[in-house]
Amino acid sequence: MRHGNGAIGGQGRFGARRLGAGSALGVGLVALGAMVMAPAATAVTPDTATISFDCGSYGSGSATLKATQDGTAATISVSTSAITAPIDIAAGSVDSTLTLTKNGSGTATFTGSSNPAIPAGGEVSTGPLDGTVATGDSLEGKSLQVVVLGISVTCNATSAQAPGPFVF
């Protein structure tokens, strides 16, 4: 009496159902299709950089930029000692525009009105600031404009971004 252990789709010696070559191929094609349909993982490198800013009569100092990417959407958060809050600043009340040199010649802007609450005398943090990128874009901080309590402050980069530009 034959138990079907050699037959395609039959039961093996221990009662487990065996998959034939056609079934295995079908499972493999489904898995391959899922991999092709899945969006490509994207990552910006480096994800953190530092730069120095001069904000005129408002001060100067360093800033830390943190970048993330999801497809063509990107965000950059900024924390800087170049500007300090004269009084307590409520969350979500700082309008910011970060301008970056794009691919060595053009510019890209990231904007937003998202910030944590900032205590009087505290360093200004803003972001995430939203922008759009393409694969291979190289962006380096150029200037930061913040509007706090109706006062606009523009800070210009005085150093290259370290360890280098963000590459998306």
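This text gives an overview of the structure that appears in the document.

About the criteria used
- Residues numbered from 1 in each chain as written.
- Predicted model: local features only at pLDDT ≥ 70, side-chain atom pairs only at ≥ 80, totals over all residues.
- Heavy atoms only, no water.
- Helix = DSSP H or I, 4+ residues; strand = E, 2+ residues; numbered from the N terminus.
- Disulfide = S-S within 2.5 Å.
- Buried < 20%, exposed > 50% of the residue type's maximum accessible area, 1.4 Å probe, protein only.
- Salt bridge = Lys/Arg side-chain N within 4 Å of Asp/Glu carboxyl O.

Comments concerning the environment of Cys55
Then, number 1: Along the chain, the position of Cys55 falls in the loop between strand E1 (48-54) and strand E2 (60-70).
Then, number 2: Between the C-alpha atom of Cys55 and that of Thr158, which follows or precedes it by 103 residues, the distance is 10.0 Å.

A few points about the state of the cysteines
Here a disulfide denotes a covalent bond joining the sulfur atom of one cysteine to the sulfur atom of another.
Then, number 1: Applying the stated rule across the entire model yields 1 disulfide.
Then, number 2: The side chain of Cys55 participates in a disulfide bridge whose partner is Cys155; the two sulfur atoms lie 2.0 Å from each other. Between Cys55 and Cys155, the S-S dihedral sits near 105 degrees, and the bridge is therefore right-handed. In this pair, Cys55 sits in the loop between E1 and E2 while Cys155 sits in strand E8 (residues 151-157), placing the two residues 100 residues apart along the sequence. Each of the two residues, Cys55 as well as Cys155, counts as buried.

Here's the deal with the pattern of salt bridges
Then, number 1: If you walk through the whole model with that rule in mind, you get 1 salt bridge.
Then, number 2: With a closest N to O distance of 3.9 Å, Lys102 and Asp137 form a salt bridge. Linking Lys102 in strand E4 (residues 94-102) with Asp137 in the loop between strand E6 (123-132) and strand E7 (138-148), this pair joins segments that are 35 residues apart in sequence.

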